[in-house]
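Descriptive structure summary
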Amino acid sequence: MARDSFTISFQDHPTFELQHIKSQHNTTPFNDTSFTNLEISQTAQTDSHSRADYTFPEGGTRAWLVIAGSFATITGSFGLLSSVGLFQSYWQAHQLSSYTSRDIGWISACNVFLNLFLGVQIGPLFDRYGPRWLILSGSVVYVGSLLALAQCSKYWHFMLAWGIGAGVSSAFLTTTALAVVAHWFERKRGFASGIAFVGSSVGGIIFPLVLKMAFTRMSWAWSIRLIAFIVGALMVVANLCVRGRLPPRKNGGAVDLRCFMDARFSWATIGVACFEFVLFGALGLLPTYALGQGFSSATAFNAIAILNAGSAFGRSFSGYLSDRYGRFNTMLLTLTLTLVVTFGLWLPVGHHVVLFYIFAPIFGFGSGSIISMAPVCIGQLCKADEYGQFYGTSYSLVAFATLVCIPIGGELLPTFGPEGFVCFFGGVLVMSLVSFMIARWACLEYKWKWNTKI
(Lines give C-alpha, C1' and ligand atoms only; values in the text may rest on other atoms or scores of the structure.)
Protein backbone atom coordinates (compact mmCIF):
# COMPACT_ATOMS: atom_id res chain seq x y z
CA MET A 1 0.00 0.00 0.00
CA ALA A 2 1.32 3.44 -0.88
CA ARG A 3 1.54 5.84 2.03
CA ASP A 4 -0.92 8.74 2.05
CA SER A 5 0.86 12.12 2.23
CA PHE A 6 -0.08 15.03 4.42
CA THR A 7 1.09 18.67 4.22
CA ILE A 8 0.76 20.50 7.51
CA SER A 9 0.72 24.28 7.73
CA PHE A 10 0.96 26.45 10.86
CA GLN A 11 -0.36 29.98 10.51
CA ASP A 12 -1.19 32.53 13.16
CA HIS A 13 -3.03 29.95 15.26
CA PRO A 14 -1.94 26.42 16.15
CA THR A 15 -4.34 24.72 13.76
CA PHE A 16 -3.74 22.08 11.16
CA GLU A 17 -4.85 22.41 7.58
CA LEU A 18 -5.19 19.13 5.76
CA GLN A 19 -4.35 20.16 2.21
CA HIS A 20 -4.66 16.85 0.41
CA ILE A 21 -4.92 13.12 0.88
CA LYS A 22 -3.82 11.37 -2.21
CA SER A 23 -3.99 7.61 -2.66
CA GLN A 24 -2.14 5.73 -5.33
CA HIS A 25 -2.98 2.22 -6.63
CA ASN A 26 -5.39 -0.01 -4.76
CA THR A 27 -5.50 0.58 -1.05
CA THR A 28 -6.52 -1.57 1.83
CA PRO A 29 -8.34 -0.29 4.91
CA PHE A 30 -6.21 1.21 7.66
CA ASN A 31 -5.46 -1.02 10.58
CA ASP A 32 -4.14 0.23 13.91
CA THR A 33 -0.52 -0.40 12.98
CA SER A 34 -0.64 1.44 9.68
CA PHE A 35 -2.44 4.41 11.22
CA THR A 36 0.20 4.60 14.00
CA ASN A 37 2.98 4.51 11.43
CA LEU A 38 1.24 7.26 9.49
CA GLU A 39 1.01 9.43 12.60
CA ILE A 40 4.74 8.98 13.27
CA SER A 41 5.56 9.83 9.67
CA GLN A 42 3.30 12.87 9.81
CA THR A 43 4.90 14.10 13.04
CA ALA A 44 8.41 13.71 11.69
CA GLN A 45 7.47 15.59 8.56
CA THR A 46 5.91 18.42 10.56
CA ASP A 47 8.95 18.76 12.83
CA SER A 48 11.25 18.97 9.82
CA HIS A 49 9.36 21.84 8.22
CA SER A 50 11.04 25.22 8.49
CA ARG A 51 9.00 28.28 9.27
CA ALA A 52 10.79 29.92 6.38
CA ASP A 53 8.36 27.96 4.20
CA TYR A 54 5.29 29.64 5.70
CA THR A 55 3.43 32.51 4.14
CA PHE A 56 3.90 36.05 5.45
CA PRO A 57 1.21 38.76 5.72
CA GLU A 58 3.40 41.36 3.94
CA GLY A 59 1.10 44.05 5.34
CA GLY A 60 -2.21 44.58 7.07
CA THR A 61 -3.11 46.40 10.28
CA ARG A 62 -1.47 43.95 12.64
CA ALA A 63 1.79 43.84 10.68
CA TRP A 64 2.09 47.62 10.38
CA LEU A 65 1.32 48.07 14.08
CA VAL A 66 4.32 45.85 14.76
CA ILE A 67 6.44 48.08 12.52
CA ALA A 68 5.12 51.10 14.45
CA GLY A 69 6.22 49.45 17.69
CA SER A 70 9.64 48.67 16.22
CA PHE A 71 9.87 52.27 15.02
CA ALA A 72 9.15 53.55 18.55
CA THR A 73 11.70 51.15 20.04
CA ILE A 74 14.44 52.16 17.61
CA THR A 75 13.64 55.87 18.10
CA GLY A 76 14.16 55.63 21.85
CA SER A 77 17.25 53.39 21.71
CA PHE A 78 19.28 53.84 18.52
CA GLY A 79 17.86 57.36 18.13
CA LEU A 80 19.37 58.44 21.42
CA LEU A 81 22.55 56.55 20.65
CA SER A 82 22.83 58.57 17.42
CA SER A 83 23.14 61.67 19.63
CA VAL A 84 25.93 60.24 21.74
CA GLY A 85 28.41 62.78 20.40
CA LEU A 86 26.52 65.50 22.25
CA PHE A 87 27.03 63.62 25.53
CA GLN A 88 30.71 63.28 24.69
CA SER A 89 31.22 67.00 24.11
CA TYR A 90 29.07 68.02 27.12
CA TRP A 91 30.92 65.72 29.53
CA GLN A 92 34.26 66.97 28.26
CA ALA A 93 33.23 70.56 28.93
CA HIS A 94 31.59 69.95 32.32
CA GLN A 95 31.59 66.89 34.60
CA LEU A 96 34.58 65.09 33.02
CA SER A 97 36.69 68.08 31.96
CA SER A 98 39.81 66.53 33.50
CA TYR A 99 39.62 63.49 31.18
CA THR A 100 40.77 63.18 27.55
CA SER A 101 38.44 62.53 24.60
CA ARG A 102 39.81 59.00 24.37
CA ASP A 103 39.02 58.25 28.03
CA ILE A 104 35.51 59.70 27.81
CA GLY A 105 34.95 57.79 24.57
CA TRP A 106 35.15 54.47 26.39
CA ILE A 107 31.84 55.23 28.13
CA SER A 108 29.82 55.47 24.93
CA ALA A 109 31.92 52.73 23.33
CA CYS A 110 30.92 50.38 26.15
CA ASN A 111 27.24 51.24 25.54
CA VAL A 112 27.45 50.48 21.82
CA PHE A 113 29.51 47.33 22.41
CA LEU A 114 27.05 45.82 24.86
CA ASN A 115 24.11 46.83 22.67
CA LEU A 116 25.49 44.81 19.77
CA PHE A 117 27.49 42.07 21.49
CA LEU A 118 24.64 40.84 23.68
CA GLY A 119 22.62 40.21 20.55
CA VAL A 120 24.39 36.86 20.30
CA GLN A 121 22.38 35.79 23.36
CA ILE A 122 19.23 37.86 22.91
CA GLY A 123 18.70 36.84 19.27
CA PRO A 124 18.34 33.14 20.13
CA LEU A 125 16.17 34.03 23.14
CA PHE A 126 13.89 35.93 20.78
CA ASP A 127 13.70 32.90 18.48
CA ARG A 128 12.69 30.73 21.41
CA TYR A 129 10.45 32.95 23.56
CA GLY A 130 9.26 35.73 21.26
CA PRO A 131 9.39 39.51 21.79
CA ARG A 132 6.98 40.28 24.64
CA TRP A 133 9.09 39.81 27.77
CA LEU A 134 12.30 40.95 26.09
CA ILE A 135 10.73 44.29 25.17
CA LEU A 136 9.14 44.73 28.59
CA SER A 137 12.24 43.99 30.65
CA GLY A 138 14.45 46.04 28.34
CA SER A 139 12.11 49.02 28.56
CA VAL A 140 12.04 49.07 32.37
CA VAL A 141 15.82 48.82 32.78
CA TYR A 142 16.54 51.29 29.96
CA VAL A 143 14.32 54.06 31.34
CA GLY A 144 15.69 53.37 34.83
CA SER A 145 19.26 53.73 33.51
CA LEU A 146 18.42 57.11 31.98
CA LEU A 147 16.97 58.33 35.28
CA ALA A 148 20.16 57.17 36.99
CA LEU A 149 22.23 58.95 34.31
CA ALA A 150 20.60 62.22 35.37
CA GLN A 151 22.22 61.87 38.81
CA CYS A 152 25.72 61.10 37.54
CA SER A 153 28.70 63.34 38.32
CA LYS A 154 31.77 61.07 38.27
CA TYR A 155 33.38 58.92 35.58
CA TRP A 156 32.35 55.60 37.10
CA HIS A 157 28.79 56.89 37.53
CA PHE A 158 28.52 57.54 33.78
CA MET A 159 30.14 54.22 32.92
CA LEU A 160 27.71 52.30 35.14
CA ALA A 161 24.51 54.12 34.12
CA TRP A 162 25.11 54.85 30.42
CA GLY A 163 27.88 52.46 29.47
CA ILE A 164 26.57 49.31 31.18
CA GLY A 165 22.94 49.82 32.27
CA ALA A 166 21.69 51.53 29.13
CA GLY A 167 23.94 49.36 26.94
CA VAL A 168 22.59 46.05 28.24
CA SER A 169 18.94 47.09 28.24
CA SER A 170 19.07 48.65 24.77
CA ALA A 171 20.43 45.35 23.47
CA PHE A 172 17.13 43.72 24.45
CA LEU A 173 15.21 46.48 22.70
CA THR A 174 17.08 46.85 19.41
CA THR A 175 17.64 43.15 18.71
CA THR A 176 13.99 42.36 19.36
CA ALA A 177 12.67 45.33 17.37
CA LEU A 178 14.66 44.30 14.28
CA ALA A 179 14.15 40.55 14.55
CA VAL A 180 10.35 40.76 14.85
CA VAL A 181 10.09 42.30 11.37
CA ALA A 182 11.03 38.89 9.92
CA HIS A 183 7.89 37.40 11.50
CA TRP A 184 5.61 39.55 9.35
CA PHE A 185 7.49 40.38 6.15
CA GLU A 186 9.56 38.44 3.64
CA ARG A 187 9.18 39.93 0.16
CA LYS A 188 8.84 43.48 1.56
CA ARG A 189 11.23 42.99 4.45
CA GLY A 190 13.72 45.56 3.16
CA PHE A 191 11.03 48.22 2.95
CA ALA A 192 9.55 47.34 6.36
CA SER A 193 12.96 47.26 8.04
CA GLY A 194 13.79 50.61 6.46
CA ILE A 195 10.66 52.17 7.97
CA ALA A 196 11.49 50.74 11.41
CA PHE A 197 15.06 51.98 11.10
CA VAL A 198 13.88 55.51 10.27
CA GLY A 199 13.16 55.70 14.00
CA SER A 200 16.90 55.97 14.58
CA SER A 201 17.03 59.05 12.36
CA VAL A 202 13.90 60.58 13.91
CA GLY A 203 15.40 60.14 17.36
CA GLY A 204 18.69 61.51 16.05
CA ILE A 205 16.86 64.67 14.96
CA ILE A 206 14.58 65.11 17.97
CA PHE A 207 17.00 64.38 20.81
CA PRO A 208 19.76 66.84 19.71
CA LEU A 209 17.18 69.63 19.33
CA VAL A 210 15.64 68.81 22.73
CA LEU A 211 19.06 68.66 24.38
CA LYS A 212 20.15 71.90 22.71
CA MET A 213 17.16 73.65 24.25
CA ALA A 214 17.38 71.84 27.59
CA PHE A 215 21.09 72.40 28.19
CA THR A 216 20.64 76.16 27.85
CA ARG A 217 17.63 76.36 30.19
CA MET A 218 17.96 73.43 32.60
CA SER A 219 20.55 71.57 34.57
CA TRP A 220 22.08 68.30 33.37
CA ALA A 221 19.80 66.35 35.71
CA TRP A 222 16.53 67.81 34.44
CA SER A 223 17.67 67.69 30.82
CA ILE A 224 18.23 63.94 31.03
CA ARG A 225 15.01 63.41 32.99
CA LEU A 226 13.17 65.09 30.13
CA ILE A 227 14.82 62.65 27.72
CA ALA A 228 13.84 59.76 30.01
CA PHE A 229 10.18 60.85 29.98
CA ILE A 230 10.17 60.96 26.16
CA VAL A 231 11.82 57.56 25.94
CA GLY A 232 9.35 56.14 28.47
CA ALA A 233 6.41 57.22 26.31
CA LEU A 234 8.01 55.57 23.27
CA MET A 235 8.53 52.34 25.21
CA VAL A 236 4.83 52.26 26.14
CA VAL A 237 3.97 52.34 22.44
CA ALA A 238 6.52 49.61 21.77
CA ASN A 239 5.10 47.29 24.41
CA LEU A 240 1.55 47.77 23.11
CA CYS A 241 2.37 47.18 19.44
CA VAL A 242 5.22 44.69 19.12
CA ARG A 243 3.98 41.10 18.82
CA GLY A 244 5.51 37.93 17.47
CA ARG A 245 3.74 35.70 14.98
CA LEU A 246 5.73 32.53 14.29
CA PRO A 247 5.85 29.67 16.80
CA PRO A 248 9.06 29.33 18.82
CA ARG A 249 12.04 27.28 17.75
CA LYS A 250 12.79 24.45 20.13
CA ASN A 251 16.53 24.91 19.64
CA GLY A 252 16.43 28.70 19.54
CA GLY A 253 18.14 29.18 22.90
CA ALA A 254 21.54 27.90 21.74
CA VAL A 255 24.20 30.02 20.07
CA ASP A 256 25.55 28.42 16.91
CA LEU A 257 28.80 29.99 15.69
CA ARG A 258 28.92 27.52 12.81
CA CYS A 259 27.16 30.13 10.68
CA PHE A 260 30.61 31.70 10.25
CA MET A 261 31.48 28.68 8.13
CA ASP A 262 29.30 30.28 5.45
CA ALA A 263 31.62 32.58 3.47
CA ARG A 264 28.72 34.85 2.53
CA PHE A 265 27.88 35.42 6.18
CA SER A 266 31.50 35.91 7.26
CA TRP A 267 32.34 38.50 4.59
CA ALA A 268 29.06 40.36 5.13
CA THR A 269 29.76 40.50 8.87
CA ILE A 270 33.25 41.89 8.26
CA GLY A 271 31.74 44.52 5.96
CA VAL A 272 29.18 45.53 8.59
CA ALA A 273 31.88 45.71 11.28
CA CYS A 274 34.02 48.06 9.18
CA PHE A 275 31.11 50.34 8.41
CA GLU A 276 29.80 50.43 11.99
CA PHE A 277 33.30 51.42 13.09
CA VAL A 278 33.08 54.48 10.85
CA LEU A 279 29.46 55.33 11.66
CA PHE A 280 29.66 55.25 15.45
CA GLY A 281 33.08 56.86 15.37
CA ALA A 282 31.61 59.72 13.35
CA LEU A 283 28.50 60.03 15.50
CA GLY A 284 30.58 60.00 18.67
CA LEU A 285 33.18 62.53 17.55
CA LEU A 286 31.51 64.77 14.96
CA PRO A 287 30.59 67.49 17.55
CA THR A 288 34.16 67.36 18.91
CA TYR A 289 35.48 67.57 15.33
CA ALA A 290 33.24 70.56 14.62
CA LEU A 291 34.40 72.44 17.73
CA GLY A 292 38.01 71.65 16.85
CA GLN A 293 37.52 73.22 13.41
CA GLY A 294 36.42 76.46 15.05
CA PHE A 295 32.70 75.99 14.43
CA SER A 296 30.21 77.11 17.08
CA SER A 297 28.53 74.79 19.59
CA ALA A 298 25.26 75.41 17.74
CA THR A 299 26.86 74.02 14.60
CA ALA A 300 27.99 70.95 16.56
CA PHE A 301 24.40 70.31 17.72
CA ASN A 302 22.94 71.04 14.31
CA ALA A 303 25.38 68.75 12.52
CA ILE A 304 24.08 65.67 14.34
CA ALA A 305 20.45 66.62 13.68
CA ILE A 306 21.12 67.34 9.98
CA LEU A 307 23.12 64.13 9.55
CA ASN A 308 20.25 62.13 11.03
CA ALA A 309 17.73 63.94 8.85
CA GLY A 310 19.65 62.81 5.79
CA SER A 311 19.82 59.37 7.32
CA ALA A 312 16.03 59.20 7.51
CA PHE A 313 15.73 59.65 3.75
CA GLY A 314 18.47 57.11 3.17
CA ARG A 315 16.80 54.44 5.27
CA SER A 316 13.46 54.87 3.47
CA PHE A 317 15.02 55.02 0.02
CA SER A 318 17.27 51.99 0.47
CA GLY A 319 14.42 49.79 1.69
CA TYR A 320 12.40 50.41 -1.45
CA LEU A 321 15.45 50.11 -3.71
CA SER A 322 16.62 46.85 -2.13
CA ASP A 323 13.28 45.12 -2.64
CA ARG A 324 13.34 46.18 -6.29
CA TYR A 325 16.98 45.67 -7.28
CA GLY A 326 18.47 43.45 -4.59
CA ARG A 327 19.81 43.96 -1.08
CA PHE A 328 23.50 43.37 -1.70
CA ASN A 329 23.35 45.49 -4.86
CA THR A 330 21.85 48.36 -2.87
CA MET A 331 24.48 47.94 -0.17
CA LEU A 332 27.32 48.25 -2.70
CA LEU A 333 25.73 51.31 -4.29
CA THR A 334 25.28 53.18 -1.00
CA LEU A 335 28.73 52.20 0.28
CA THR A 336 30.25 53.66 -2.87
CA LEU A 337 28.26 56.89 -2.38
CA THR A 338 29.39 57.19 1.25
CA LEU A 339 33.01 56.60 0.28
CA VAL A 340 32.85 59.37 -2.37
CA VAL A 341 31.27 61.76 0.15
CA THR A 342 33.95 60.98 2.76
CA PHE A 343 36.90 61.79 0.48
CA GLY A 344 35.16 64.34 -1.72
CA LEU A 345 33.36 66.46 0.91
CA TRP A 346 34.46 65.61 4.45
CA LEU A 347 38.21 65.53 3.82
CA PRO A 348 38.43 69.09 2.37
CA VAL A 349 36.02 70.66 4.93
CA GLY A 350 38.78 72.49 6.80
CA HIS A 351 37.24 75.64 8.28
CA HIS A 352 34.49 75.93 5.65
CA VAL A 353 31.27 75.71 7.63
CA VAL A 354 29.10 75.74 4.50
CA LEU A 355 30.89 72.66 3.12
CA PHE A 356 30.44 71.01 6.52
CA TYR A 357 26.69 71.59 6.33
CA ILE A 358 26.65 70.13 2.79
CA PHE A 359 28.62 67.08 3.89
CA ALA A 360 26.45 66.20 6.92
CA PRO A 361 23.11 65.35 5.22
CA ILE A 362 24.69 63.52 2.25
CA PHE A 363 26.89 61.43 4.55
CA GLY A 364 23.79 60.79 6.66
CA PHE A 365 21.87 59.66 3.58
CA GLY A 366 24.52 57.12 2.67
CA SER A 367 25.14 55.89 6.20
CA GLY A 368 21.42 55.59 6.90
CA SER A 369 20.98 53.46 3.79
CA ILE A 370 23.82 51.17 4.82
CA ILE A 371 22.85 50.69 8.45
CA SER A 372 19.27 49.77 7.51
CA MET A 373 20.48 47.36 4.81
CA ALA A 374 22.97 45.51 7.00
CA PRO A 375 20.44 43.44 9.03
CA VAL A 376 18.42 42.77 5.86
CA CYS A 377 21.49 41.44 4.05
CA ILE A 378 22.25 39.18 7.01
CA GLY A 379 18.62 38.01 7.04
CA GLN A 380 18.83 37.06 3.35
CA LEU A 381 21.43 34.44 4.22
CA CYS A 382 19.24 32.43 6.61
CA LYS A 383 15.73 31.09 7.13
CA ALA A 384 13.11 33.32 8.69
CA ASP A 385 13.06 31.45 12.00
CA GLU A 386 16.86 31.68 12.28
CA TYR A 387 17.05 35.42 11.80
CA GLY A 388 17.36 36.35 15.47
CA GLN A 389 20.24 33.92 15.86
CA PHE A 390 22.06 35.03 12.71
CA TYR A 391 21.59 38.72 13.52
CA GLY A 392 22.83 38.29 17.07
CA THR A 393 25.80 36.17 16.06
CA SER A 394 26.87 38.64 13.36
CA TYR A 395 26.60 41.69 15.57
CA SER A 396 28.52 40.02 18.38
CA LEU A 397 31.58 40.39 16.15
CA VAL A 398 30.54 43.85 14.92
CA ALA A 399 30.39 44.94 18.57
CA PHE A 400 34.17 44.71 18.93
CA ALA A 401 34.58 47.25 16.13
CA THR A 402 32.21 49.67 17.87
CA LEU A 403 34.00 49.15 21.19
CA VAL A 404 37.23 50.70 19.92
CA CYS A 405 35.98 53.18 17.29
CA ILE A 406 35.41 56.22 19.54
CA PRO A 407 38.58 55.78 21.66
CA ILE A 408 40.69 55.25 18.51
CA GLY A 409 39.07 58.22 16.78
CA GLY A 410 39.47 60.32 19.91
CA GLU A 411 43.20 59.57 19.85
CA LEU A 412 43.59 60.09 16.09
CA LEU A 413 41.88 63.50 16.02
CA PRO A 414 44.39 65.42 18.18
CA THR A 415 47.38 63.32 17.10
CA PHE A 416 47.07 63.30 13.31
CA GLY A 417 44.66 66.19 12.86
CA PRO A 418 41.26 66.25 11.13
CA GLU A 419 42.65 65.19 7.74
CA GLY A 420 44.36 62.10 9.16
CA PHE A 421 41.22 61.29 11.14
CA VAL A 422 39.02 61.42 8.01
CA CYS A 423 41.52 59.50 5.85
CA PHE A 424 41.68 56.69 8.38
CA PHE A 425 37.89 56.40 8.48
CA GLY A 426 37.80 56.49 4.67
CA GLY A 427 40.27 53.61 4.53
CA VAL A 428 38.04 51.52 6.80
CA LEU A 429 35.11 52.28 4.47
CA VAL A 430 37.14 50.88 1.56
CA MET A 431 37.57 47.65 3.52
CA SER A 432 33.80 47.51 4.07
CA LEU A 433 33.12 47.94 0.35
CA VAL A 434 35.58 45.20 -0.61
CA SER A 435 34.09 42.81 1.98
CA PHE A 436 30.56 43.26 0.64
CA MET A 437 31.78 42.78 -2.92
CA ILE A 438 33.25 39.42 -1.90
CA ALA A 439 30.05 38.52 -0.03
CA ARG A 440 27.99 39.24 -3.15
CA TRP A 441 30.45 37.22 -5.22
CA ALA A 442 30.05 34.29 -2.81
CA CYS A 443 26.24 34.56 -3.08
CA LEU A 444 26.63 34.04 -6.83
CA GLU A 445 28.85 30.99 -6.27
CA TYR A 446 31.92 33.02 -7.22
CA LYS A 447 30.58 33.86 -10.68
CA TRP A 448 30.31 37.64 -10.89
CA LYS A 449 27.17 38.83 -12.67
CA TRP A 450 26.41 42.54 -12.91
CA ASN A 451 22.69 42.27 -13.71
CA THR A 452 21.69 39.68 -11.09
CA LYS A 453 19.32 40.77 -8.31
CA ILE A 454 20.98 39.69 -5.10
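Residues numbered from 1 in each chain as written. Predicted model: local features only at pLDDT ≥ 70, side-chain atom pairs only at ≥ 80, totals over all residues. Heavy atoms only, no water.

Looking at the overall build of the chain
Helix and strand counts for the chain stand at 16 helices and zero strands. Intrachain contacts of the chain at a sequence separation of at least 6 include 83% that bridge at least 24 residues. Summing over all exposed atoms, the chain offers an accessible surface of approximately 18,700 Å²; the carbon and sulfur share of this is 65%. (Helix = DSSP H or I, 4+ residues; strand = E, 2+ residues; numbered from the N terminus. Contact = heavy atoms within 4.5 Å. Areas by Shrake-Rupley, 256 points an atom, 1.4 Å probe, with all protein chains shown as cover.)

Focus: the nonpolar core
Of all hydrophobic cores here, the largest spans 129 residues; its most connected members are W91, L149, W162 and W346. Filtering out sequence-adjacent residues up to four positions away, L149 remains in contact with F87, W91, F158, A161, W162, W220 and I224. (Core = buried A, V, L, I, M, F, W, Y, C linked by side-chain atoms within 4.5 Å. Buried < 20%, exposed > 50% of the residue type's maximum accessible area, 1.4 Å probe, protein only.)

Concerning the packing of helix α2 (residues 61-76) against helix α8 (residues 155-179)
Remark: α2 packs on α8, axes separated minimally by 9 Å, with the N-to-C direction vectors making an angle of 150°. Between α2 and α8, the interaxial angle falls into the category roughly antiparallel. As for how α2 packs across α8, the hand of that crossing is left-handed. Contacts between α2 and α8 pair S70, T73 and I74 from the former with L173, T174, A177 and L178 from the latter. Looking at the contact of α2 with α8 residue by residue, the class counts come to four nonpolar, three polar and no charged. (Axes fitted to C-alpha atoms, helices over the stretch in contact; angles between N-to-C directions. Parallel < 35°, antiparallel > 145°, perpendicular 65-115°, else oblique. Left-handed = near helix turned anticlockwise from the far one by under 90°. Nonpolar A, V, L, I, M, F, W, Y, C, P; charged D, E, K, R; others polar.)

Side note on empty space enclosed by the protein
Counted by the stated rule, this structure contains two cavities of 30 Å³ or more. Reported here for the largest cavity is a volume of approximately 90 Å³. Contributing to the lining of the largest cavity are 14 residues, with S82, S200, L279, L283 and R315 lying nearest its centre. At the level of elements, α10 (189-217), α12 (263-292), α13 (297-325) and α15 (353-380) are the ones that each hand at least two residues to the lining of the largest cavity. Looking at which element gives the most residues to the lining of the largest cavity, the answer is α13, with four residues. Counted by class, the lining of the largest cavity contains seven nonpolar, six polar and one charged residues. When its volume is computed, the second largest cavity comes out at roughly 40 Å³. If you go around the second largest cavity, the residues you meet are F78, L116, L178, F197, E276, F280, I371, Y391 and Y395. (1 Å grid on protein atoms, 1.4 Å probe; cavity = no way out; pocket = protein on both sides within 12 Å on 5 of 7 lines; lining within 4 Å. Points joined across faces, edges and corners; volume = space filled by probe spheres on them.)

A few points about the side chain of T288
With respect to the helices and strands, the residue T288 is situated in helix α12. When neighbours within four sequence positions are excluded, T288 is seen to be in contact with Q88, S89, Q92, S101 and L413.

Focus on unusual backbone geometry
Non-glycine residue E445 carries a positive phi angle of around 60°. Note on E445: relative accessible area 61%, which makes it exposed. Positive phi, close to 60°, is recorded for Y446, a residue that is not glycine. Residue placement: Y446 occurs in the segment after α16 (387-443).

Digging into a nonpolar patch on the surface
Among the surface-exposed residues, L147, M213, M218, W222 and F229 lie close enough to one another that they form a single nonpolar patch of about 490 Å² accessible area. Summarising the element assignment, F229 is placed in helix α11 (residues 220-241). (Patch = residues over 30% accessible without salt bridge, like charges linked within 9 Å, V, L, I, M, F, W, Y side chains within 5 Å. Salt bridge = Lys/Arg side-chain N within 4 Å of Asp/Glu carboxyl O.)

Describing the packing of α2 against α10
To characterise two packed helices, one gives the angle between the axes of the helices and the distance between these axes. Between α2 and α10, the shortest axis-to-axis distance is 7 Å and the interhelical angle comes to 35°. The two elements α2 and α10 cross, and the hand of that crossing is right-handed. Facing W64, I67, S70, F71, I74, T75 and G76 of α2, the residues of α10 in contact are F191, A192, I195, A196, F197, V198, G199, S200, V202, G203 and F207. Taken together, the residues that form the contact of α2 with α10 break down as 12 nonpolar, six polar and no charged.

A word on the packing of aromatic side chains
Here the distance between the centres and the angle between the planes together describe a pair of aromatic rings. This model, assessed by the stated rule, comprises 32 aromatic pairs. Taken together, a centroid distance of 4.2 Å and an interplanar angle of 25° make the contact between Y90 and F215 stacked. Taken as a pair, Y90 in helix α4 (residues 84-93) and F215 in helix α10 lie far apart in primary sequence, 125 residues in all. Residue Y90 is classed as buried on the basis of its relative accessible area of 14%. Assessed through its relative accessible area of 15%, F215 is described here as buried. Relative to W450, the ring of W448 lies with its centre 5.4 Å away and its plane at 75°, an arrangement referred to as edge-to-face. (Phe/Tyr/Trp six-rings, centres within 6.5 Å; stacked < 30°, edge-to-face > 60°.)

Brief notes about helix α7 (residues 132-149)
Over its 18 residues, α7 extends 26 Å from the first C-alpha to the last, a length consistent with the 26 Å expected when each residue adds 1.5 Å. Of the surrounding elements, those touching the buried residues of α7 are α2, α3 (78-81), α4, α6 (119-129), α8 and α11. (Expected span 1.5 Å × (residues − 1).)

Describing the layout of surface pockets
Computed from the structure, the second largest pocket encloses a volume of approximately 220 Å³. If you trace the second largest pocket, you find 14 residues lining it, with S89, Y90, F215, S297 and F301 closest to the centre. Taken together, the elements giving at least two residues each to the lining of the second largest pocket come down to α4, α10, α12 and α13. Class assignment for the residues of the lining of the second largest pocket results in nine nonpolar, four polar and one charged.

Structural notes on the confidence of the model for the chain
Looking at the chain, pLDDT values average 81 and 84% of them are 70 or higher. Note on residues 1-49: pLDDT is under 50 here. Beyond four places in sequence and across chains, it has 40 contacts. (pLDDT = per-residue confidence, 0-100.)

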